[in-house]
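One letter stands for each residue in the lines below.
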Amino acid sequence: MPFYRIFAKNNSKVMSDALLGLINNPKLTPQHKSIATKVLQNERITFEEGVFLYEHGELPYLGILANYIREKRHGDNTFFNRNFHIEPTNLCVYDCKFCSYSRLLKQRSEGWEYTMDDMFNIVKKYDGQPVTEVHIVGGVLPQYDVPFYVELFSRIRNHRPNLHIKALTPVEYHYIFKKAKISYAEGMRLMQKAGLQSIPGGGAEIFHPEIREQIAKDKCTGDQWLEIHEEWHKLGGRSNATMLYGHIEKFWHRVDHMERLRQLQDKTHGFQTFIPLKFRNQDNQMSNVPESTVIEDLRNYAIARIYLDNFDHIKAYWAMISRNTAQLSLNFGVDDIDGTLDDTTKIYTMAGAEEQHPGMSTKELVELIKQVKREPIERDTLYNVVTNYQDHQFEDEIKPQFYKLPVLN
Ligand code: SF4
């Protein structure tokens, strides 16, 4: 099956033809064939098959499988949102080895610590602008405790009731609930009552203790991360999940990570999106570890799409992976590229991401998606469609353009 077929425009026959062509290729090994047949028949692959894909799945093969699933679920629809981030602080009581963002308390002079008013003023800056989500996540410090976040969420909720608050990871929740001596269930109820609506996917790293203890040993364990999401799902809340890949983990650690997520999702159905996060090696304690290649990044997106059959969405976070790779990823299982951001996040810029001031206008995001023949859909946090931009014309596209001719002396 020629590689170009996976770039064909969405069309269910073309998609099935590509997959059938692959399955009927006499050069395919029985194991590759069996996995491809499972995908065609909408069957779940096993842990061992997940590891096999990492070890023996070449990019064109994985692309056909992942694109088949992506287009069957979403057609050409490619989601983004209009959002901004608040990062309360880059000081942190923890010392994750991969983290380029945090400054330990002893390096306080290099850090920032926003007050409640600082954060509230950031929200107010977006008054009148059509953003739908505020994403709040940062370092862990003692003054940011349960009463602090209850008050912050309530103030935002009262000020702008339709701005979706997606905030804090289990790393922060574990810390503040422990300090307040309350259970995860009680803590999540308090947060929901204050105005929290979703939990982002961060802090997951790699769940398996063999790796987690080497790269992020003091913060919440993998089991605790999953338990907090489970409590949140029980309250009817939705959340996302990430995986920090491409450092010292083995392929089977990645599959183990996704397996734990898949099992929890079977139980709660509360996850919306899986977001693989590429390890970046600038200015952290793991700078000697080389970064993964673009080929490996694309393979990883594709395997995630194949393995996580009970997750609706796979996201490539463009600010972390670069615009070009985000475009490419749309043919390898990805259907969401995150949001406008407006230069409000430093987490990946400080780790050496190509985007040093991440921000895109809606028009730029739409163009990025259209350039690779996909359909741009602005969504809200819960994937309700805000605007379909496929046939949309921006104001500056419909106004007649007059250009002055240059005057030659
Ligand atoms: S990854 Fe998060 S918890 Fe770990 S040091 Fe960085 S900011 Fe702190």
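Here is what the cut-offs are and how they apply
Residues numbered from 1 in each chain as written. Predicted model: local features only at pLDDT ≥ 70, side-chain atom pairs only at ≥ 80, totals over all residues. Heavy atoms only, no water. Buried < 20%, exposed > 50% of the residue type's maximum accessible area, 1.4 Å probe, protein only. Helix = DSSP H or I, 4+ residues; strand = E, 2+ residues; numbered from the N terminus. Contact = heavy atoms within 4.5 Å. pLDDT = per-residue confidence, 0-100. Phe/Tyr/Trp six-rings, centres within 6.5 Å; stacked < 30°, edge-to-face > 60°. Lys NZ or Arg CZ within 6 Å of the ring centre and 35° of its normal. Core = buried A, V, L, I, M, F, W, Y, C linked by side-chain atoms within 4.5 Å. Axes fitted to C-alpha atoms, helices over the stretch in contact; angles between N-to-C directions. Parallel < 35°, antiparallel > 145°, perpendicular 65-115°, else oblique. Nonpolar A, V, L, I, M, F, W, Y, C, P; charged D, E, K, R; others polar. Pairing = 2+ DSSP bridges.

In terms of burial, helix H7 (residues 170-180) is largely enclosed, as eight of its eleven residues are buried. Within H7, burial applies to Pro170, Val171, Glu172, Tyr173, His174, Tyr175, Ile176 and Phe177. For H7, the secondary structure elements touched by its buried residues are helix H6 (146-159), strand E6 (164-167), helix H8 (184-194), strand E7 (198-199) and helix H10 (222-234). The first or second residue beyond H7 is Lys181, which carries a positive phi of 55°.

Of the residues in the chain, 89% have a pLDDT of 70 or more, and the chain-wide mean is 91. Of the regions scoring below 50 in pLDDT, residues 1-8 engages in 20 contacts with residues more than four places distant in sequence or in other chains.

Our next topic: the packing of aromatic side chains. Considering all chains together, one arrives at 16 aromatic pairs under this definition. Pairing Trp225 with Phe271 gives two aromatic rings, centres 6.3 Å apart and planes at 15°, and the pair type is stacked. Highlighted residues: Trp225 in helix H10 and Phe271 in strand E9 (residues 271-278), separated in sequence by 46 residues. Accessibility assignment for this pair places Trp225 and Phe271 in one class, buried. Through a chain of ring-to-ring contacts, three or more aromatic side chains come together here, namely Phe207, Trp225, Phe271, Phe274 and Phe311. Over the face of the ring belonging to Tyr383 we find Arg379, whose NZ or CZ atom lies 4.5 Å from the ring centre.

Within the chain, Asp283 stands out as a residue other than glycine whose phi angle is a positive 60°. As for its position among the elements, Asp283 is in the loop between E9 and helix H12 (294-307).

Right, let's talk about the nonpolar core for a bit. Within the largest apolar cluster, 119 residues are counted, with the highest numbers of intra-cluster contacts made by Ile136, Phe153, Tyr173 and Phe274. A total of eight residues in this core trace back to one element, the largest contributor, which is helix H4 (residues 59-74). Setting aside its immediate chain neighbours within four residues, Phe274 contacts Ala241, Thr242, Met243, Met258, Leu261, Ala304, Leu308, Phe311, His313, Ile314 and Lys315.

Take the packing of H7 against H8 next. Packed helices, taken two at a time, are described by the angle their axes make and the gap between the axes. Contact pair H7 / H8: the axes reach a minimum separation of 10 Å and the direction vectors enclose 105°. One way to sum up the angle between H7 and H8 is to call them roughly perpendicular. On H8, the residues that touch Tyr173, His174, Ile176 and Phe177 of H7 are Tyr184, Gly187, Met188 and Met191. Class assignment for the residues of the contact of H7 with H8 results in six nonpolar, two polar and no charged.

Strand order in this open sheet of four strands is E11-E1-E12-E13, and the pairing throughout is mixed. Two strands in the sheet have a free side with no partner beyond their single neighbour: strand E11 (336-339) and strand E13 (385-388). Taken over all neighbouring pairs, the strand axes of this sheet differ in orientation by 30° on average, direction set aside. As paired strands, strand E1 (residues 77-81) and E11 are joined by two bridges and run parallel to one another. Across the sheet, Asn81 pairs through a bridge with Gly339, a residue of E11. Across the sheet, helix H15 (residues 362-371) is in contact with E1, E11 and strand E12 (375-379); its angle to E1 comes to roughly 160°.

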